[in-house]
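These are the residues of each chain, in order.
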Amino acid sequence: MRSILLLFFTLLSYAHSIRFFLEPNSMKCLKEETQAHVLVAGEYEVSETPGVKTEYIVRDSKSEVLSKNDNILHGKMLKFSFVLETYDKFEICFMAHAVQPSYAGNLKNVKQEVHLITKRGIEAKSYEAISEAAKLKPSEVELKRLEDLSEAIVQDFARMRQNEEEMRDTNEATNSRVLHFSIFSTLWLFVLSTCQVLYLRRFFKLKKLIE
């Protein structure tokens, strides 16, 4: 039973880690999708580069700002978190700016290393902080984790069922439209054929080719 729960825990926990390089006066963005009311937490660290100011911003598909930092402290792991009210995409952008225009030439070949970790769902929750705040025992923390896991499993199955119902409704609606279009096409071809036969019959009668 515990192995099954751990399997579900693995499937329902999302953690992504990525490293990339950022040149001065440039920007790089990453896009991800998340379900509604799911906690998204992240950690990021930018290597120290003199003469470069780095910032980041997180926005949803409507360009609403979810989190931002206009002046990142280099060489230190920083955190952010947010929750979307609906299923949506979010975009994380890192931007590097030379503090003075004259620095741009000197920093042409200098690159900052950005380390970004994003977590979703249960993986994003800090059970250590919950334990300290509520003064819970290790067994109580584990029960809390399993409770959240059970709730996540129920929500995931409910979401899968909803998606299946939506796909079934879409298939039924598509089949209905195809059937109606087929009937309409058949009737229209029958009408056109009938009109063509009547026209040709009238034409041949006028030419006295038939009686």
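Residues numbered from 1 in each chain as written. Predicted model: local features only at pLDDT ≥ 70, side-chain atom pairs only at ≥ 80, totals over all residues. Heavy atoms only, no water.

**Focus: a nonpolar patch on the surface**
Taken together, the side chains of Phe181, Phe184, Trp188, Leu189, Phe190, Val191 and Leu192 present a nonpolar region at the surface, about 790 Å² in accessible area. Along the chain, Phe181 turns up in helix H4 (residues 138-206). For Phe181, a relative accessible area of 55% translates into the label exposed. (Patch = residues over 30% accessible without salt bridge, like charges linked within 9 Å, V, L, I, M, F, W, Y side chains within 5 Å. Areas by Shrake-Rupley, 256 points an atom, 1.4 Å probe, with all protein chains shown as cover. Salt bridge = Lys/Arg side-chain N within 4 Å of Asp/Glu carboxyl O. Helix = DSSP H or I, 4+ residues; strand = E, 2+ residues; numbered from the N terminus. Buried < 20%, exposed > 50% of the residue type's maximum accessible area, 1.4 Å probe, protein only.)

**Observations concerning the pairing of strand S5 (residues 65-69)**
Of the strand pairs in this sheet, strand S4 (residues 52-60) and S5 are connected by four bridges, and their pairing is antiparallel. In the sheet register, Tyr56 faces S5, and the bridge partner there is Asn69. Where S4 hands over to S5, the hairpin turn is made up of four residues, of which Ser63 adopts a positive phi near 65°. (Pairing = 2+ DSSP bridges.)

**Remarks on the pattern of salt bridges**
Tallied over the entire structure, the rule returns eight salt bridges. Notably, a salt bridge pairs Asp70 with Lys68, separated by 3.6 Å at the nearest N-O pair. The partly exposed category is assigned to Lys68, whose relative accessible area is 47%.

**A look at the environment of Ser131**
Structurally, Ser131 is set in helix H3 (residues 127-134). Exposure remark for Ser131: the relative accessible area of 19% places this residue in the buried category. Between the C-alpha atom of Ser131 and that of Lys144, which follows or precedes it by 13 residues, the distance is 9.6 Å. In this structure Ser131 touches Leu136 and Val141, once residues within four positions along its chain are discounted. (Contact = heavy atoms within 4.5 Å.)

**Quick word on the pairing of S4**
Burial within S4 is extensive, with seven of its nine residues counted as buried. Pairing geometry for S4 and strand S7 (residues 88-98), over nine bridges, is antiparallel. If you follow Glu55 over to S7, its bridge partner there is Met95.

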